[in-house]
Amino acid sequence: MSQNNLITMDEFTIQETRKFKQATGDLSALLRDLGLAGKIINNQVRKAGLVDILGQHGATNVQGEEQMKLDVFANETLINILKNCTECAGIASEENDDHLSYEDTYSQNAKYVVLFDPLDGSSNIDVNASIGTIFAIYRRVSPIGTPCTLEDFLQPGNKQVAAGYIIYGSSTMMVYATKLGVNGFTLEPSIGEFCLSHPNMKCPEKGKIYSINQGNSVKYDEGMMSYLSFCMENNKEEGRPYSQRYIGSMVADMHRTLIKGGIFIYPGDKSSPKGKLRLQYECNPMTLIMEAAGGMGVSGKENILDIQPTELHQRTPIFIGSKNMVEKAMEFVKAPQNA
Ligand code: AHG
Ligand code: MN
Ligand code: MN
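Residues numbered from 1 in each chain as written. Chains lettered and ligands numbered in written order. Predicted model: local features only at pLDDT ≥ 70, side-chain atom pairs only at ≥ 80, totals over all residues. Heavy atoms only, no water.

### Looking at helix α4 (residues 70-84)
Stage number 1. Here α4 spans 21 Å end to end across 15 residues, near enough to the 21 Å set by a 1.5 Å rise per residue.
Stage number 2. Turning to α4, its buried residues number three or more, namely L70, D71, F73, A74, N75, T77, L78, I79, I81 and L82.
Stage number 3. Among the structural elements, α2 (26-45), β1 (88-93), β2 (100-101), β3 (112-120) and β4 (131-139) are those in contact with the buried residues of α4. (Helix = DSSP H or I, 4+ residues; strand = E, 2+ residues; numbered from the N terminus. Expected span 1.5 Å × (residues − 1). Buried < 20%, exposed > 50% of the residue type's maximum accessible area, 1.4 Å probe, protein only. Contact = heavy atoms within 4.5 Å.)

### Side note on the site of ligand 1
Stage number 1. Inspection of the region around ligand 1 gives 16 residues, with D120, G121, Y246, M250 and Y266 positioned closest.
Stage number 2. Measuring from an oxygen atom of ligand 1, one finds a backbone N or O atom of G121 at 2.8 Å.
Stage number 3. The fraction of the free accessible surface of ligand 1 (470 Å²) that becomes covered by protein chains is 80%.
Stage number 4. Only β3 and β11 (263-266) provide two or more residues apiece to the shell around ligand 1.
Stage number 5. Within the shell around ligand 1, the residues separate by chemical class into six nonpolar, five polar and five charged.
Stage number 6. If you count residues domain by domain, the shell around ligand 1 takes at least three from each of domain 1 (3-198) and domain 2 (209-338). (Near = heavy atom within 4 Å. Polar contact = N/O pair within 3.5 Å; in protein donor to acceptor, adjacent residues only side chain to side chain. Areas by Shrake-Rupley, 256 points an atom, 1.4 Å probe, with all protein chains shown as cover. Nonpolar A, V, L, I, M, F, W, Y, C, P; charged D, E, K, R; others polar. Domains from an automatic or database assignment.)

### Here we look at the coordination of the manganese ion (ligand 3)
Stage number 1. The protein atoms that coordinate the manganese ion (ligand 3) are E94 (OE), D117 (OD) and L119 (O), at distances of 2.1 to 2.3 Å.
Stage number 2. Mapping the donors of the manganese ion (ligand 3) onto the primary sequence gives the spacing E-x22-D-x1-L.
Stage number 3. For the pair the manganese ion (ligand 3) and the manganese ion (ligand 2), the metal-to-metal distance amounts to 3.8 Å, and D117 bridges them.
Stage number 4. The class of D117 is buried, set by a relative accessible area of 1%. (Donors = N, O, S within 2.8 Å, 3.2 Å for Na, K, Ca; no water.)

### Remarks on the environment of A129
Stage number 1. Tracing the chain through its elements places A129 in the loop between β3 and β4.
Stage number 2. C-alpha separation for the pair A129 and S211, spaced 82 residues apart in sequence, amounts to 16 Å.

### Details of the pairing of β3
If a strand is regular, its side chains alternate between the two faces of the sheet.
Stage number 1. Among the nine residues that make up β3, nine are buried, leaving the element largely enclosed by the rest of the structure.
Stage number 2. For β3 and β4, the ladder comprises seven bridges, and the chain directions are antiparallel. Residue pairing across strands places F116 opposite F135, the latter belonging to β4. (Pairing = 2+ DSSP bridges.)

### So, the coordination of the manganese ion (ligand 2)
Stage number 1. In the first shell of the manganese ion (ligand 2), the protein supplies D117 (OD), D120 (OD) and E282 (OE), at 1.9 to 2.2 Å from the metal.
Stage number 2. On the primary sequence, the residues serving as donors to the manganese ion (ligand 2) are separated as D-x2-D-x161-E.

### Overview of the sheet that holds β1
Stage number 1. An order of β2-β1-β3-β4-β5-β6-β7-β8 is seen for the eight strands of this open sheet, with the pairing classed as mixed. Of all the strands in the sheet, the pair left with one neighbour each is β2 and β8 (193-198).
Stage number 2. Relative to strand β6 (residues 172-178), strand β5 (residues 160-168) runs antiparallel, the two being bridged by six bridges. If you follow A163 over to β6, its bridge partner there is A177.

Quick look at the structure:
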């Protein structure tokens, strides 16, 4: 990246917003604020290995401050930044039982609400693997000028205005999607800005990787088992089975799937028919990104984005990634014996 050709995320989103006559610039400002939260969380994540030196969660550091677990830190950072900006009326987070409606007048006059998983893949922190932050942005349905309500957060994914993630990996990247497409920005540490590095991202239509926690397969139904056998057979096009890759951090597995193609699956099983992953702040934002990049995301019964949420922390099975691979998986999962 030559320093002279850098386009910062802020410059990019402002240019994009100018394509819409009625745009007020609120969405670019909100994305900038989410990027700021990402930079602050990144700064803390980069120190994660020093936790024994700097103090464990619950321990007190030299200044007499209690150390926070990273997911609590990430949650509080996002809540505070979004509270202090003027574009967000309230939030819902994996870490809070209920949604939070900001009380000040500026926030109540804002038109957007944000749902997020502040730190995804947090069990990977101890082993220094990639983790991330996932967010979904909606236009509120409650009247502007009043406190936002639960209804604002229970909208189906097809109402998302934008969605994205920040991945704290070998480099730090912010990827976001609007209906215009998906773009990726890498943090340039010397200037502290996310810079356009992956314009107009497209998920390859075909892939060679399936990504699933196969250790759960004793609990899978017949359709899932036959699809797994298909993945492990020599397939016609490749002349070899698919490769299996699973990091256990949805952001990291999805980032690979977006760039290289493939399928990521967290299915329902006999003990958890709805799977594990959360609809509103994991599956919906990832599906918006995937669709805007040419891929798809389904629950096994319907498009993820068409599910009408009934509660904040609802779960859904998910099959997401390259279009051809998801469609192929559905031939097995939706086979008549599984109906
Ligand atoms: P979180 O760290 O936000 O709780 O999310 C963990 C999720 C997701 O990132 C990942 O895809 C999945 O849990 C892994 O689950 P298994 O360990 O059951 O495979
Ligand atoms: Mn998560
Ligand atoms: Mn989390």
